[in-house]
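Residue-level structure breakdown
Now for the letters of each chain:
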Amino acid sequence: MSNSSSSVDARVLSVAQLSLSFGQHSVFQAISFDVKRGESLAIVGRSGSGKSSLLSCILGLQTPDAGSVSIDGTVIGTLPRRRLAQLRREKIGVVFQSGELLEELSPFENVVLTAMLGGHRASEARQAAREMLERLSIVQSDRVVGLYSGGERQRVAVARALVNRPRLILADEPTGSLDAETRDEMMELLMSVPNQFDCGIVLVTHDPIVSTACNRTMRLTDGALVDVAPRGPSGS
Amino acid sequence: MIGSAGLSVVAVVGVLVMGAVSDRQAQSRSLLPIAAEDATDAEFLYAFDLDLLPGADGNPHLVSVVWLEPLTNSAQPPPGVLSWPRPGQAVASPVAQRDLNRLAVDLYGPIVGTISPRGLEAPGERRIYVRPTASALENTGDEMTMMNGFGGPGVVQGLWGVPTLDAQASWVTPAALIFFLFSPAAVAVWLGAGVDRERRRRRELQLVAIGAGVRHRMIVNLAEVWPPIAAGGLVGGGALGVMATNNFDVGWLDTIVLADATRTRLLAGVGAITIAQIAALLIALLTGRRNTQRKDTAEAIPFRSAQVCVVAAIAAIWLPSIFPAYGTLLYYASAVVTTVTLPSLIAMIVAGLGRVIAATGLKRGWPGMLLAGRRHAVSPRRTAWLTSSVVVSILLFGQVQLWASTLGGLVQRDLGQLSSGDLVVSGGHVHDSGASDIFLKSVGKGTAPVFTWLEDNRTRQFGFDTYIATSCTTLALLGASCMPSEVPVATLAATGLGASLVNSTGIFTETINVEPFESEPDYERMESLGADFSLVSTDGSSLPVLEIQRVGNQLFVGGTNLDTIVNRNKAAGNVPRQLQHWVLVLGTLGLIPLLLAAGVVLVADSRSSARETAILAAHFDRRRWLAGVALTRILLPLALGGITASLFYFFLPISVGAQASEGFFKPSTSYVAVSLSLTIALGLVGSWWSYRSSKAWATT
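Being a predicted model, the structure only gives us computed values, none of them experimental. (Residues numbered from 1 in each chain as written. Chains lettered and ligands numbered in written order. Predicted model: local features only at pLDDT ≥ 70, side-chain atom pairs only at ≥ 80, totals over all residues.)

1. Overview of the sheet that holds strand β6 (residues 127-130) of chain B
Residues and elements named next belong to chain B. In space, the seven strands of this open sheet follow the order β1-β7-β2-β3-β6-β4-β5, with mixed pairing throughout. Strands with a single pairing partner mark the edges of an open sheet, and in this sheet they are β1 (33-35) and β5 (111-114). Across the sheet, the axes of successive neighbouring strands diverge by a mean angle of 40°, strand direction being ignored. Pairing analysis gives three bridges linking strand β4 (residues 90-92) to β5, with the strands arranged parallel. Across the sheet, the residue bridging to Ala 90 is Ile 111, located in β5. Contacts from helix α2 (residues 94-101) reach β2 (44-54), β3 (60-70), β4, β5 and β6 within the one sheet, and its direction differs from that of β5 by about 150°. (Pairing = 2+ DSSP bridges. Helix = DSSP H or I, 4+ residues; strand = E, 2+ residues; numbered from the N terminus. Axes fitted to C-alpha atoms, helices over the stretch in contact; angles between N-to-C directions. Contact = placed C-beta atoms within 7 Å.)

So, in structure tokens, the structure goes:
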């Protein structure tokens, strides 16, 4: 996979004519969008509009009825399972609403575990984890993550998503359980990620304040995905 | 539900066993004879004897033999007997009759009737009523006692002829039920109540947040735990129903349980099940309440419990040697405390190991070890919960094995020595001289009498000399010369026949004085000396013990108390053997709900940990590390728990075993091997299940 600086090759995510339905119920039809490196995209919509299903299709966990998904130039629909898993390991990081961290581990151990699973050797994994925690200004301690506040846990979740230097970050309601002040801190962190780590970020949210922080917002409604806010300059 | 079923079955068993004990006491009293004041008051003559009867299992069993001779036409036969047998005939209980029917000889004469349950201490009792022959009455009838009825006021000393358990002191039976049945079932309920404790904790917080009071929360919890506990109660009710409609003859326990007896206790059984249900509910509610207290993710290591465990273990090893009079009690008390607190000690050890394992996993890049090691380090109480069933099972069942150690080394040695056959049949005192002469002539060729007695001699070590009188032919077989002499016992014991004679008669002096017969034995002199007599085989073949006993029963009231050391040792071994069978059955009944609950615990633990690891496993599509998590999470604590519990089982009874009779409180290496094997197997199965659950979660 090449990473040239042309506008086409800068796309980390390309969704084309994607359609999904569950039985008679159509979730979305023929939606298309792309995300470049250094860009942040917010996808908003009512509960049940299909936002999480869209993320599942992008991750390759759900097979769409039609259309294609490309991650950093690689179409995922035809990939065998192992190759798809490798692509997820190398190219995609995920931040969940509740972090979904391992409660018994410290922040460092949560991040290093992910690095190990990503294929790093032990010493490389430890080094990568330390660097990531430092870059995100997360204080390293032996306290288990289960004792951390919501905001602190989400910071660790972001670190975990970034440790393997993915091309694309998917965040599903990352601020859903945070108070306003912590939400703003989290958004400041997330918005710094695309430029700092040369990746794209797709953020699913129902919070209008969160969506306005992103370069671009699209609304998923009645099965269609439409721009709400225009594309801005990358990184701005 | 499993624990509740266990408690309910315990309740039913408890009611029936205690009822059987009570019935036996009452029946025994009703069978005691009433002494007559004088001859005019007497209704019948009475003599009681204990014999050994070969059973279906090849072992001799104690049988109560009562010799009765009516003195008047109006004398009532004993309870449970319709009419008096004729002289030389007998009436037997069902089990005794079954054993007698297998013999080639009519040991007590023809059996002409069956004693009904009304006339037995317990349904499975071996009891025989014998009417003596005219010869026996003439020879030794004066040894019988005049009685005029049954149901006397005497104290029941020993309950013979039935399985040992309910012949124990009255506190032993309920203690055994509590120890072997109730406690494992209670632990099973506790284990089950600990499942889903996180969900229940969250629900409790939500209820408190919306203003629910203690009563409301109790009702909600009750509504959740009552159905499975009630289902367990139905199991107990089913067991009671089965017992009330069927008779059970359990040969291995040498016990008969009659449906009639169960039906008389139906109400008590239902009441006991109800109490068991309440107990289960209390345990579940209190455990659930405790588990819903807010806890930090990182749990405190149970140092205090672990310390108590170590102290209790030291006490179990050391105190019996300091206070030997209370050795057994001190041992059991310490062992119980050790058993209950051992999971905490193991949790502490595993927490320490967990830190090491996590550090190793971090250093070497093994994600499974990192995760599982840290889990052990921060969740010691969960580890204790996981290992409780295994630890309690091994130590509890280990006490079963220790308590029921059977056929001590001494008995085994004696049996080994006399494996060549019944060469010596030893009897009691010499009976009426004339009868003895007839008896000896009746027992056939290849048999010779040997008489032994003691005479005072203060100069000797034990204060007396041992004498032996027999024919010159027999003396030659015993390795002694045919002249009055003092012979070392070791010389006699050098021959097989001599060794059998020495063991059989219990000679313990270092020398023995030999008196050869000139021609025939001087029975009158032997009787006046109070000599005991034995019969020895002179041609090397086994003596026909049963035939000899039959002849003796024809000639003497109470027979001749003839017996062999093999028989006596086998009978002595029967007592602990029966006890062992009982405690094995009770222990197994108690163990089953505990092991089932252990399985439930493992499955629940697997389910909760699977969800946490699934997301990572799914995203990275790496599942092999889940196997490492499963093995470290499940197999490590179980294996460590099994090994530690086995070591404790082996070393705790060191000093109490040194003071006990040979063969008791002796740990078994076989038990250790089986326990460890089962524990490892459980750990492997649990690990596989955990891995499978995690993989399934990852797939979905």
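Right, picking up where we left off after that structure.
2. Focus: the pairing of strand β15 (residues 532-537) of chain B
On a regular strand, each side chain points to the face opposite its neighbour's, so the side chains alternate between the two faces of the sheet. All names here are of chain B. Of all the six residues making up β15, five are buried; the element is thus mostly covered by neighbouring parts of the structure. By the bridge criterion, six bridges tie strand β11 (residues 447-456) to β15 in an arrangement that is antiparallel. Counterpart to Ala 448 in the pairing with β15 is Val 536. (Buried ≥ 20, exposed ≤ 12 C-beta atoms within 10 Å, placed from the backbone.)

3. Quick look at the packing of helix α3 (residues 107-117) of chain A against helix α11 (residues 367-378) of chain B
Running from amino to carboxyl end, α3(A) crosses α11(B) at an angle of 155°, the nearest separation of the two axes being 9 Å. By the angle between their axes, α3(A) is roughly antiparallel relative to α11(B). The crossing of α3(A) and α11(B) is left-handed. Two secondary-structure elements touch here, α3(A) through Glu109(A), Leu113(A), Met116(A) and Leu117(A) and α11(B) through Pro367(B), Leu370(B), Leu371(B) and Arg374(B). Looking at the contact of α3(A) with α11(B) residue by residue, the class counts come to six nonpolar, no polar and two charged. (Parallel < 35°, antiparallel > 145°, perpendicular 65-115°, else oblique. Left-handed = near helix turned anticlockwise from the far one by under 90°. Nonpolar A, V, L, I, M, F, W, Y, C, P; charged D, E, K, R; others polar.)

4. Points about the confidence of the model for chain A
In this model, chain A carries a mean pLDDT of 85, and residues with pLDDT of at least 70 account for 92%. Segment residues 1-7 of chain A is flagged for pLDDT under 50; beyond a separation of four residues in sequence, or across chains, it makes seven contacts in the model. (pLDDT = per-residue confidence, 0-100.)

5. A few points about the nonpolar core
Ala129(A), Leu203(A), Val10(B), Val12(B) and Val189(B) are the most contacted members of the largest nonpolar core, which totals 232 residues. Discounting residues that sit within four places of it in the chain, Val10(B) has contacts with Leu177(B), Leu181(B), Phe182(B), Ala185(B) and Ala276(B). (Core = buried A, V, L, I, M, F, W, Y, C linked by C-beta atoms within 7 Å.)

6. Some thoughts on the environment of Gly540(B)
The topology assignment puts Gly540(B) in the loop between β15 and α19 (545-555). Each C-alpha atom, one on Gly540(B) and one on Thr447(B), is 9.8 Å from the other, the two residues being 93 residues apart in sequence.

7. Some remarks on the environment of Glu100(A)
Along the chain, the position of Glu100(A) falls in the loop between β6 (92-95) and α3. On a C-alpha basis, the gap between Glu100(A) and Arg153(A) in space is 9.0 Å, while along the polypeptide they are 53 residues apart.

8. Things to note about the packing of helix α9 (residues 303-322) of chain B against helix α10 (residues 327-364) of chain B
Residues and elements named next belong to chain B. Orientation of α9 relative to α10, taken along the N-to-C sense of each, is 150°, at an axis distance of 7 Å. The angle between α9 and α10 falls in the class roughly antiparallel. Between α9 and α10 the crossing geometry is left-handed. Of the residues in α10, those in contact with Phe 303, Ser 305, Ala 306, Val 308, Cys 309, Val 310, Ala 312, Ala 313, Ala 315, Ala 316, Leu 319 and Pro 320 of α9 are Gly 327, Leu 330, Tyr 331, Ser 334, Ala 335, Val 337, Thr 338, Thr 341, Leu 342, Ser 344, Leu 345 and Met 348. Considered class by class, the residues forming the contact of α9 with α10 number 18 nonpolar, six polar and no charged.

9. What to know about helix α2 (residues 81-91) of chain A
Residues and elements named next belong to chain A. Inspection of α2 places Leu 87, Arg 88 and Lys 91 among the buried residues, and these make up the whole buried set. Each buried residue of α2 sits inside an arc of 100° when the element is viewed along its axis, so together they form one side. For α2, the exposed residues lying more than 90 degrees away from the buried face are Arg 81 and Arg 82. (Arc of directions from axis to C-beta.)

10. Here's the deal with the sheet that holds strand β5 (residues 74-75) of chain A
Two modes of strand pairing occur in sheets, parallel and antiparallel, and in both the strands are linked by backbone hydrogen bonds. All names here are of chain A. Taken together, four strands build an open sheet; the order of strands is β2-β1-β4-β5 and the sheet is antiparallel. The open sheet terminates on both sides in strands that have one partner only, identified here as β2 (25-36) and β5. Of the pairings in the sheet, the one linking strand β4 (residues 66-71) to β5 comprises two bridges and is antiparallel in character. In the strand pairing of β5, Ile 71 is matched with Thr 74. Along the sheet, helix α1 (residues 51-59) contacts β1 (11-22), β2 and β4; its crossing angle with β1, the most-contacted strand, is approximately 120°.

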